[in-house]
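Understanding the architecture of this molecule
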Amino acid sequence: MRLQDVGTAGLRARMRDGGVTLRLSPFTVRVRSDIPHLAADVATMYRDFEVAGDDEFVDFHVAVLRSPHWLSRLQGRAEFWFDGQRSFTPLPAAQALAMLEWGINWCIAAHAHQYLLIHAAVLERGGRALLMPAPPGSGKSTLCAALAHRGWRLLSDELGLLDMSTGLVHGMARPINLKNASIPLIRAFAPEAVFSASMPNTAKGTVALVRAPQDAIDARLAPARPAWVVLPAWRADAAAQLVPVERARAFMDLAEQSFNYDVHGLAGFQALGRLVDRCGCHRFEYSRLDEALACFDALEESAP
């Protein structure tokens, strides 16, 4: 059964009473909430994802609940809970969807050590994966959203899951997280994209989520083999420029943007070494999306 078959009213009741279990492959996440509008947001962002049975194994039990403290409740604040424990500082309930997404990211980054976890946008074309590791403010998510709506299959905007034994990278086709000026930019660039409501005054400014395109959701179980590592950077008025970079630099950026590289020790070092050895590695600057997409189309077409 898909989430859209539950209906918003049914989803609201399930989230309030015992939670709904979503298959966010390769993980299952049970989500509980007493915030009514969060059910509608989850229904929009995850409508085509499968609902797991109540007796199935759950990787992460999470909840976004109204704060029990009288002052926080008066201020309309909510809390993120993981495995029965409050995990973060309360935020306004209007930011519940962002809190849920950030919380799930944290659960995976802190616990899913069966993968080497890389903070990177990951997209696929022709069975080959493009990895874009980058810190906040680099334009990674903006570029990811544009590529995902112009022929590249979205695996992930935030979390690249590298299987160290096979060398394949997995994704979940979860929503893309945009902020501030990127929101109207992508609205204009991809009018077909499905957005959440904008959530102002977060720690990252105004944020909005963009549902993964349907092709990405339909193929979300299919991993891809890394072929390119691109280090993106948005620069005002910069012409789009894709420049080869040393594999050692790409390795260091991947290691720096990994959540659990240190946990894996030698195995992580070797896995990243194999990844960069098989990839074309580039640095990329851009300011205009149409020029950026032309560069990536040329990169894909020139691959052997």
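Residues numbered from 1 in each chain as written. Predicted model: local features only at pLDDT ≥ 70, side-chain atom pairs only at ≥ 80, totals over all residues. Heavy atoms only, no water.

Observations concerning the layout of surface pockets
Stated formally: Here a cavity is any set of points on a 1 Å grid over the protein atoms alone where a 1.4 Å probe fits but cannot get out, and a pocket is any open set with protein on both sides within 12 Å along at least 5 of 7 lines; a residue lines the site when it has an atom within 4 Å of a point. Grid points are joined across faces, edges and corners, and a volume is the space filled by probe spheres set on the points. Secondary structure elements follow DSSP: runs of H or I no shorter than four residues count as helices, runs of E no shorter than two count as strands, and numbering proceeds from the N terminus. Three categories are distinguished: nonpolar for Ala, Val, Leu, Ile, Met, Phe, Trp, Tyr, Cys and Pro, charged for Asp, Glu, Lys and Arg, and polar for the others, with Gly belonging to the last.
If you add up the space inside the largest pocket, you get close to 840 Å³. If you trace the largest pocket, you find 33 residues lining it, with Pro-136, Glu-158, Asn-177, Lys-179 and Lys-204 closest to the centre. Ranked by residues supplied to the lining of the largest pocket, first place goes to helix 5 (residues 96-111) with six residues. Looking at side-chain class alone, the lining of the largest pocket contains 16 nonpolar, 13 polar and four charged residues.

Points about the pairing of strand 3 (residues 60-66)
For clarity, the threshold we go by: Three labels apply to residues, based on accessible area from a 1.4 Å probe with only protein chains included: buried if under 20% of the type maximum, exposed if over 50%, partly exposed otherwise in between. Strands are treated as partners if at least two bridges between them are detected by DSSP.
The buried fraction of strand 3 is high, at five of seven residues. Two elements, strand 3 and strand 4 (residues 77-82), share five bridges in a ladder whose sense is antiparallel. Its bridge partner lying in strand 4, Leu-65 is registered against Glu-79.

Notes on the packing of aromatic side chains
Rules: Ring geometry is summarised as follows: Phe, Tyr and Trp rings, the Trp one being its six-membered ring, pair when their centres sit within 6.5 Å, and such pairs are stacked at plane angles under 30 degrees, edge-to-face over 60 and tilted between the two.
Counted by the stated rule, this structure contains twelve aromatic pairs. On the basis of an interplanar angle of 85 degrees and a centroid distance of 6.3 Å, the ring pair of Phe-251 and Tyr-261 is categorised as edge-to-face. Residue Phe-251 is located in helix 9 (residues 247-256), and its partner Tyr-261 is located in helix 10 (residues 261-277); the two are separated by ten residues in the primary sequence. Judged by relative accessible area, which is 12%, Phe-251 ranks as buried. Pairwise contacts between aromatic rings join Phe-27, Phe-60, Phe-80, Phe-82, Phe-88, Trp-106 and Tyr-115 into one cluster.

Describing the nonpolar core
Filter applied, for reference: Put simply, buried Ala, Val, Leu, Ile, Met, Phe, Trp, Tyr and Cys residues joined by side-chain atoms within 4.5 Å make one nonpolar core.
In terms of nonpolar packing, the biggest core is built from 81 residues, with Ile-108 and Phe-296 touching the most fellow members. Per-element tally for this core: the top contributor is helix 5, with nine residues. Ala-120, Val-122, Leu-162 and Leu-254 belong to the second-largest nonpolar core, a separate cluster that totals 24 residues.

A look at the packing of helix 3 (residues 36-45) against helix 5
Heads up, the condition is: An axis is simply a line fitted to the C-alpha atoms; with a helix, the fit covers only the stretch in contact. Between two such axes, the angle follows the N-to-C directions and lies from 0 to 180 degrees. For this classification, under 35 degrees means roughly parallel, over 145 means roughly antiparallel, 65 to 115 means roughly perpendicular, and everything else is oblique. For a crossing to be left-handed, the near helix must be turned anticlockwise from the far one by less than a right angle; the clockwise case is right-handed. Any pair of residues with heavy atoms lying within 4.5 Å of one another is described as a contacting pair.
Following both chains from N to C, one finds helix 3 and helix 5 inclined at 60 degrees, their axes separated by 9 Å at the closest point. Our classification of the angle between helix 3 and helix 5 gives oblique. Once helix 3 is placed against helix 5, the crossing between them reads as right-handed. Residues His-37, Leu-38, Asp-41, Val-42 and Met-45 of helix 3 form the contact with helix 5, whose participating residues are Ala-96, Leu-97 and Leu-100.

Description of empty space enclosed by the protein
With the rule as written, the count across this model stands at two cavities of 30 Å³ or more. Reported here for the largest cavity is a volume of approximately 120 Å³. As for the largest cavity, its lining consists of Glu-101, Trp-102, Asn-105, Ser-156, Asp-157, Glu-158, Leu-159, Met-172, Arg-174, Pro-175, Asn-177 and Leu-209. By residue number, the principal contributor to the lining of the largest cavity is helix 5, which donates three residues. A class-by-class count of the residues in the lining of the largest cavity yields five nonpolar, three polar and four charged. Estimates place the volume of the second largest cavity at around 40 Å³. Around the second largest cavity, the lining residues are Leu-162, Asp-163, Met-164, Gly-167, Ala-271, Arg-274, Leu-275 and Arg-278.

Description of the pattern of salt bridges
Cut-off, in case you're wondering: Just to be clear on terms, a salt bridge is a Lys or Arg side-chain nitrogen sitting within 4 Å of an Asp or Glu carboxyl oxygen.
Under the counting rule described, the total for this entry stands at 17 salt bridges. The salt bridge involving Arg-23 is made with Glu-50; its shortest N-O contact spans 3.0 Å. Residue Arg-23 is found in strand 1 (residues 20-24), and its partner Glu-50 is found in the loop between helix 3 and strand 3; the two are separated by 27 residues along the sequence. When its relative accessible area of 24% is taken as the criterion, Arg-23 is described as partly exposed. Here Glu-50 falls in the partly exposed class, since its relative accessible area comes to 35%. A salt bridge links Arg-125 to Asp-297; the nearest nitrogen and oxygen atoms lie 2.9 Å apart. Of the two residues, Arg-125 is situated in strand 7 (residues 116-125) and Asp-297 in helix 11 (residues 289-302); the sequence distance between them amounts to 172 residues. One network of salt bridges, in which partners are shared, links Arg-125, Arg-128, Asp-297 and Glu-300.

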